[in-house]
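# Tertiary structure, described
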Amino acid sequence: QVQVAESGGGLVQAGGSLRLSCTASGSSFSVDHTDWYRQPPGKQREWVAGMTGSGVTSVTGRFTGSRDKAKNAVNLEIDSLKPEDKGVYYCKIRGLRNSRGTIMQFDRWGQGNQVTVSS
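Let us look at the structure shown here.

Here is what the cut-offs are and how they apply
- Residues numbered from 1 in each chain as written.
- Predicted model: local features only at pLDDT ≥ 70, side-chain atom pairs only at ≥ 80, totals over all residues.
- Heavy atoms only, no water.
- Helix = DSSP H or I, 4+ residues; strand = E, 2+ residues; numbered from the N terminus.
- Rg over C-alpha atoms; globule rule 2.2 N^0.38 Å.
- Contact = heavy atoms within 4.5 Å.
- Areas by Shrake-Rupley, 256 points an atom, 1.4 Å probe, with all protein chains shown as cover.
- Lys, Arg positive; Asp, Glu negative; His and termini not counted.
- Charge placed at Lys NZ, Arg CZ, Asp CG, Glu CD.
- Pairing = 2+ DSSP bridges.
- Disulfide = S-S within 2.5 Å.
- Buried < 20%, exposed > 50% of the residue type's maximum accessible area, 1.4 Å probe, protein only.

## A word on the overall build of the protein
In terms of regular secondary structure, the protein is built from zero helices and twelve strands. When the helices and strands of the protein are listed from N to C terminus, the series reads β-β-β-β-β-β-β-β-β-β-β-β. Taken over the C-alpha trace, the protein has a radius of gyration of 14 Å; the compact-globule value for 119 residues is 14 Å, and the two agree within 12%. Considering only intrachain contacts with a sequence separation of at least 6, the fraction spanning at least 24 residues in the protein is 58%. Only carbon and sulfur atoms are counted for the fraction: they give 44% of the accessible area of the protein, which is about 6500 Å². Counting 15 positive and 10 negative side-chain charges, the protein places the centres of these two groups 4 Å from one another.

## Quick look at the pairing of strand β3 (residues 18-25)
Relative to β3, strand β1 (residues 3-7) runs antiparallel, the two sharing five bridges. Paired with V4 across the two strands is A24, which belongs to β3.

## With respect to the state of the cysteines
Applying the stated criterion across every chain, the model contains one disulfide. Covalently, C22 is tied to C91 through a disulfide, its sulfur atoms 2.0 Å apart. Taking the sign of the S-S torsion, about 70° here, the bridge from C22 to C91 comes out right-handed. With C22 in strand β3 and C91 in strand β10 (residues 87-97), this residue pair connects regions lying 69 residues apart in the sequence. Since its relative accessible area comes to 0%, C91 is described here as buried.

Next comes the structure, spelled out in C-alpha cells:
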C-alpha cells in the first residue's frame with residue numbers, strides 16, 4: 001500500500017534553515033503535485049506552499065521547493081526561520097505521474113513533522 005512519508009522536522013534556531021521531505025513510499029510512480037501545510041499551536045492548518053511540474057508557489061519567498069528524483073521525493077526548504085514558523089508541517093501528495101506522463105489523483109496526507117524555532 002502506498003503511504004506518504006515525511007521527514008526533516010526538528011528544533012532550529014531563528015535565522016536558520018530547514019528542509020522537509022515528502023515521499024510516496026511503496027509507489028513506482030513519480031510524486032507530482034504536492035501541497036504543504038502548517039498547523040501552528042492552537043490554530044487551524046493552513047496552506048503554505050504548492051509544487052507542481054511547473055514550479056512552486058508559496059506564501060513567502062522564504063519557502064522554496066525542490067525535487068529529489070533519486071528518492072522520488074519533494075522537499076520544502078525554509079530559510080531565515082522565524083518563531084512564527086513553528087508548527088506541525090504536513091505534506092499532501094495530490095497527484096502521482098506514471099511512466100506515460102499521466103497524472104493520477106492521489107490526495108493523501110503525510111503524518112506531519114514538528115518544527116520548533118528557538119529565538
